[in-house]
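Chains, contacts and geometry: an overview
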Amino acid sequence: MGGTFNPIHYGHLVTAEEARIQFNLDRVIFIPAGDPYYKKGQKIVTAQQRYLMTIMATGSNPYFYVSRIEIDRHKPTYTIDTLIELNKIYKDSQFFFITGADAVLDILTWKNPDDILNLCTFIAATRPGYDMSKIDEIKKKLKDEREITNINTKIHIIRIPALAISSTDIRNRVKEGKPIRYLLPEGVVNHIYKMGFYKE
Ligand code: ATP
Ligand code: MG
């Protein structure tokens, strides 16, 4: 599961656990993004701090792991590079890429969709209020233009109980002095206040 995790929240954790159980996964590896080029200019908490918050949030689940591969790469993060690297580390493994449905659209409309779909199967979580027709559109496009015939076995949709939680909302709430408790693990909440993150 890739993301900025700025900060990690219960939307991410519930999605990961649901995917793990529905697809019988051996483990879920959270991969905080190092330097997402599409978010450049936006003030982000350092990758090291996002990594630490992800460790705190996932520590109690024996199936959850956190990887530094994108953080330690020190150049723009591309999904395809990460997948190639993971395939080298975990040989003979089958990979599932857990994302929000919005992120699947981004990934598959940008770089090397054919290569990416060869290396993993997507598990796309629908966020509340999400319009599924966009996913169907990209499926049709990949089928027609790229002749990817097994597209339905390559992108799976999972429905996550109404979780309208987002990192953006959490950051805004901190800035506005509103509560964030119960939207993310308590340890992470305390760490955010202790370090003074997101105040401006
Ligand atoms: P931001 O608001 O800063 O974009 P975010 O909450 O979307 O943050 P990301 O780190 O960007 O969090 O997300 C990592 C992955 O988790 C993405 O694939 C995203 O679509 C997915 N995701 C985020 N929030 C939820 C949620 N509440 N339910 C399901 N998936 C989610
Ligand atoms: Mg996002």
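Residues numbered from 1 in each chain as written. Chains lettered and ligands numbered in written order. Predicted model: local features only at pLDDT ≥ 70, side-chain atom pairs only at ≥ 80, totals over all residues. Heavy atoms only, no water.

Attention now goes to the sheet that holds strand S6 (residues 155–159). In sheet architecture, strand pairing relies on hydrogen bonds along the backbone and comes in two forms, parallel and antiparallel. Spatially, S4-S5-S6 is the arrangement adopted by the three strands of the open sheet, whose pairing is parallel. Whereas interior strands pair on both sides, the edge strands pair on one side only; in this sheet they are strand S4 (96–100) and S6. Ignoring strand direction, the axes of neighbouring strands in this sheet form an average angle of 25°. The pairing of strand S5 (residues 121–126) with S6 spans five bridges and is classified as parallel. The residue bridging Thr 126 from the neighbouring strand is Arg 159, located in S6. (Pairing = 2+ DSSP bridges. Helix = DSSP H or I, 4+ residues; strand = E, 2+ residues; numbered from the N terminus. Axes fitted to C-alpha atoms, helices over the stretch in contact; angles between N-to-C directions.)

Once that is clear, we can look at the pairing of strand S2 (residues 28–32). For S2, a buried count of five out of five residues is recorded, marking the element as mostly surrounded by other parts of the structure. Burial of S2 is two-sided: the residues Val 28, Phe 30 and Pro 32 facing one way and the residues Ile 29 and Ile 31 facing the other way are all buried. Sheet topology places strand S1 (residues 2–3) next to S2; two bridges connect them, and they run parallel. Each bridged residue has a counterpart across the sheet, and for Gly 3 the counterpart in S2 is Pro 32. One crossover worth recording links S1 to the parallel S2 by way of helix H1 (residues 10–22), and it is right-handed. Pairing of S2 with strand S3 (residues 64–66) involves three bridges; the strand directions are parallel. Considered in S3, the bridge of Ile 29 is made with Tyr 65. (Buried < 20%, exposed > 50% of the residue type's maximum accessible area, 1.4 Å probe, protein only. Right-handed = clockwise from strand over helix to strand, strands pointing away.)

Trans is the prevailing form of peptide bonds, just as negative phi is the prevailing case for residues other than glycine. Of note, the bond from Asn 6 into Pro 7 is cis; its omega dihedral lies within 30 degrees of zero at 0°. Relative to the assigned elements, Pro 7 resides in the loop between S1 and H1. Of note in this structure, Asp 92 is not a glycine but carries a positive phi near 60°. Positive phi, normally seen in glycine, also occurs at Tyr 198, with a value near 65°. Looking at the element boundaries, Tyr 198 is found in the segment after helix H9 (186–195).

Its place among the elements puts Lys 154 in helix H7 (residues 151–154). Comment: no salt bridge for buried Lys 154; closest opposite-charge side chain is Asp 115, at 11 Å. In terms of polar contacts, Lys 154 uses its side chain to reach the backbone carbonyl oxygen of Cys 120, at 3.3 Å. Excluding anything up to four places from it in sequence, Lys 154 contacts Leu 117, Asn 118, Cys 120, Thr 121 and Phe 122. (Lys, Arg positive; Asp, Glu negative; His and termini not counted. Salt bridge = Lys/Arg side-chain N within 4 Å of Asp/Glu carboxyl O. Polar contact = N/O pair within 3.5 Å; in protein donor to acceptor, adjacent residues only side chain to side chain. Contact = heavy atoms within 4.5 Å.)

What follows deals with the nonpolar core. Val 28, Phe 30 and Ile 192 are the most contacted members of the largest nonpolar core, which totals 32 residues. Those elements that place two or more of their residues in this core are H1, S2, helix H2 (47–58), S3, S5, helix H8 (167–175) and H9. Top contributing element to this core by residue count: H2, with four residues. Within the second largest apolar cluster, 26 residues are counted, among which are Ile 29, Leu 105, Ile 138 and Ile 155. (Core = buried A, V, L, I, M, F, W, Y, C linked by side-chain atoms within 4.5 Å.)

Shape is all these values report; function is a separate question.
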